[in-house]
Every structure is written in structure tokens, then in C-alpha cells.
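Analysis of the macromolecular model
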Amino acid sequence: MSVRTAGKKIGRKCICMTAGALLVAVLGGCGSSGERIQGAIELIRSLDYQGALEQLDSAETDGENIRLINRARGIAYMGLTDYEQAVSCFEAALAESNGLVQNVDFDLNFYLAAAYTKSSRFPEAERIYDAILNMRPGEQDAYFLRGSVRLEQGNYQGAKEDFDKVVSMDPSNYDRLIHICEVLDYAGHGEEGQAYLRTALASGEEGMDKYDSGRIYYYLGEYQSACMALEEARGEGSAESCLYLGRAYEATGDYNYAANVYNTYLSQNTGNAEMYNQLGLCEMTRGEYAKALEAFQAGMRLENTTMMQTLSFNEIIAYEYLGEYMQAYVLMENYLKNYPDDQQARREYEFLSTR
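**With respect to the overall build of the chain**
Within the chain, the secondary structure is distributed over 20 helices and zero strands. Its C-alpha atoms give the chain a radius of gyration of 21 Å, within 12% of the compact-globule value 20 Å for 355 residues. In terms of overall dimensions, the chain has a C-alpha envelope of 60 × 55 × 40 Å along the principal axes. Of all 355 residues assigned to the chain, the portion counted as buried reaches 50%. Long-range contacts, defined here as pairs at least 24 residues apart, represent 53% of the contacts in the chain between residues at least 6 apart. Within the structure as shown, the chain displays about 16400 Å² of accessible surface, and the carbon and sulfur contribution to it stands at 45%. Side chains of the chain give 31 positive and 53 negative charges; the mean places of these two sets differ by 2 Å.

The following block contains the structure:
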């Protein structure tokens, strides 16, 4: 039984992180769309993908924009983890092009590449990013994502060229540097990933704020330095500073203080699902399973959280540790209806069926 973190070493999920962010960011951003399409987009935002597909069928019957319908269908199928259907929808939307390259064409190609990546069709994804970069050589997201899929294919040198390009274009984008570090670490190139962070720290530390230097120290495994920097950054009151501060203390083994960091933040700011998840993880490590369950469920009660899958999975694991196997089994059965491609959850479900 293992819970899920949204923090350090998130593995292959990081490869699609930027693509996923693009999907969310441009849901409603491509041209004018009809009432039913807009309704479907709202359903997608609320994670009701099946309802969105039904709404889009009605939109097609009403004669709304078929290109935007297929685009939205592709996003809904992505949410349902039916990536082959998503590919078909995005390809159908691209086929409706009038021959003039528009923003929506780049938007659709990013979607299509993300669907290819999620279905492990990495060569196809790489070709899409090649095409995007041929038309728009300044697309930083495309370089990062192409580097990631190149890495998946064992092409470390090609990946490094893309990552070097991204860094050279925006050396102060520390979020991107950390994503690169995570992807390289997951692929077995942790030292190479840390080299990017050490270079950033050496070249920019004087002008770097304490939050950025603290989390870089955290990813370098220098947890005491991370704690000192992030304690200073904590005074600004941001959720991100408190999350990294707590994680750094967890990494030193001081789970009691870490839990205090999370609880102090949540006593004043109750709307952060990631903070509730991290508190739950910390309580699990302390053996406080009832408190962990309470934290996960508090996060799940928040509206429009993007953490619902992680929180739902961790809620189930908390019930397992509490010995409530029937409740965990029922919840896992429902979980798999929403996230059918989660192989770890399927293994957990098989375990629960024997209890």
C-alpha cells in the first residue's frame, strides 16, 4: 500500500504536466462556440466527461461548430483516459482546417501530442512537436515536451539538446528547471538534472528569492539549507512556500514540525487541496491514519480541485491502514470507474478483493 504525493519525484506524470496545464488553460480559449459547446466545457471543468460528451452530441445535432465540438470531445476523452478516441477527435478537428494556420491549429496539435504521449505513442508525439517547432521555433513548451518524449525513447542526447534550449530561452524559469530535473531523475539521469539546478543556483543566487533558492536546495537534497531559506520565504504567507517548507522538514525526519507547518497554514487558509493532501501524507507517515483520512477528505470537499484523483486514492489507502477494508473496496470500485487506466489502483483493488 502506497499513498501518492504531488511533491518531489512525481515520475512520468511530470512529462505531461505542461501539456495538461495547456489543456486546462485553453478550454474556452479558441474562437466563438455555441451554447451547448460552452455547456460541455463547463461540464469538463467539473470533471463530468460523460455528461460533456452527451452535450456535444446535442451541439452537433444543433449545427454548432464541428471543429470545436471535436476539440472538446477530444478533451473529454482525455479525461476518461480513452486516448485513442481522443486522438481520433483531435485529428478530425485538425482535418477541418481551412488551410490557413491559426492559433487553434497549434492548440489542437498540443492536444494531439499529449494524447499520443499518454498512450505511449512517443514517436508520433515527437513528430507533432517537430511540426510545431518548425512553424513556431520560440515555443518553449514544445521544446520541453519534445525533450521529454525523446527521453522516453532513450534519446538522452536529443532530450538534453531540447532542455538546454529551453533553459537558454528563459534561465530564470525555475518551475521549468525543476520539471526538467524531475523528468531526468525519473529516467535515471538524476545527476544531470541536478546539474541544471546547481548552475541556476550558482549564477542567480544573489537575485534569487528565498522561495526559489529554498526549493532548489530541496530538489538538490540539501534539506537544512532548504529549511533555512524557506523559513524566510514562509513570512510571505504563500501556500507554495509552506508546502516546500513542510516537505523539507519531512525529509529531515521532523514530521511533527512539518505537520505543524501545514496545520498552521490551513488554520488561516482552508481552500488549498494540495496542502490537505500533504498534511494527510505527513499524518500517514506519523501513523496517525484517522487524522490523515480527515485531511484527505477535507481536500476532497473543496470545489473544482484538480487534486481529486490523488486525494481519492489516498483516502482509500487511509481506510486500508485503518483496517476498514470493505469501505476501501467499495471506494476503489468507484474510483476505477472514474480512472480506469490506473494500474496501481487495479493492483490495490485485487489486494482488497482478498481481504
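**Some words on the confidence of the model for the chain**
Taken over all residues, the pLDDT of the chain has a mean of 90, while the share at 70 or more is 91%. Throughout residues 7–29 the model reports pLDDT below 50, and contacts reaching past four residues in sequence, or to other chains, amount to 57 contacts.

**Some remarks on the pattern of salt bridges**
For the structure on display, the rule yields 21 salt bridges. Note that Arg 121 and Glu 84 form a salt bridge whose closest N and O atoms lie 2.8 Å from each other. Here the residue Arg 121 occupies a position in the loop between helix H6 (103–118) and helix H7 (122–135), and Glu 84 occupies one in helix H5 (residues 83–95), the gap between them amounting to 37 residues. Taking relative accessible area as the criterion, Arg 121 reaches 24% and is therefore assigned partly exposed. What you see here is one network of salt bridges that share partners, running through Glu 126, Asp 130, Arg 146, Arg 150 and Asp 162.

**Some words on the side chain of Arg 150**
Considering the arrangement of structural elements, one finds Arg 150 in helix H8 (residues 140–152). Arg 150 sits in the buried class, given a relative accessible area of 13%. Arg 150 has contacts with Glu 126, Asp 130, Asn 155, Gly 158, Ala 159, Glu 161 and Asp 162, leaving out every residue within four places of it along the chain.

**Some details on the packing of H8 against helix H10 (residues 174–186)**
Packing of H8 against H10 brings their axes to within 10 Å, and their N-to-C directions diverge by 10°. As summarised for this structure, H8 and H10 are arranged roughly parallel, according to the angle between their axes. Two secondary-structure elements touch here, H8 through Gln 140, Asp 141, Phe 144, Ser 148 and Leu 151 and H10 through Arg 176, His 179, Ile 180, Val 183 and Leu 184. Along the lines of polarity and charge, the residues of the contact of H8 with H10 split into five nonpolar, three polar and two charged.

**Things to note about unusual backbone geometry**
Positive phi, normally seen in glycine, also occurs at Thr 81, with a value near 60°. Here Thr 81 falls in the buried class, since its relative accessible area comes to 18%. Despite not being glycine, Ser 120 has its phi angle at roughly 60°, a positive value. For Ser 120, the location among the structural elements is in the loop between H6 and H7.

What counts as what
- Residues numbered from 1 in each chain as written.
- Predicted model: local features only at pLDDT ≥ 70, side-chain atom pairs only at ≥ 80, totals over all residues.
- Heavy atoms only, no water.
- Helix = DSSP H or I, 4+ residues; strand = E, 2+ residues; numbered from the N terminus.
- Rg over C-alpha atoms; globule rule 2.2 N^0.38 Å.
- Buried < 20%, exposed > 50% of the residue type's maximum accessible area, 1.4 Å probe, protein only.
- Contact = heavy atoms within 4.5 Å.
- Areas by Shrake-Rupley, 256 points an atom, 1.4 Å probe, with all protein chains shown as cover.
- Lys, Arg positive; Asp, Glu negative; His and termini not counted.
- Charge placed at Lys NZ, Arg CZ, Asp CG, Glu CD.
- pLDDT = per-residue confidence, 0-100.
- Salt bridge = Lys/Arg side-chain N within 4 Å of Asp/Glu carboxyl O.
- Axes fitted to C-alpha atoms, helices over the stretch in contact; angles between N-to-C directions.
- Parallel < 35°, antiparallel > 145°, perpendicular 65-115°, else oblique.
- Nonpolar A, V, L, I, M, F, W, Y, C, P; charged D, E, K, R; others polar.

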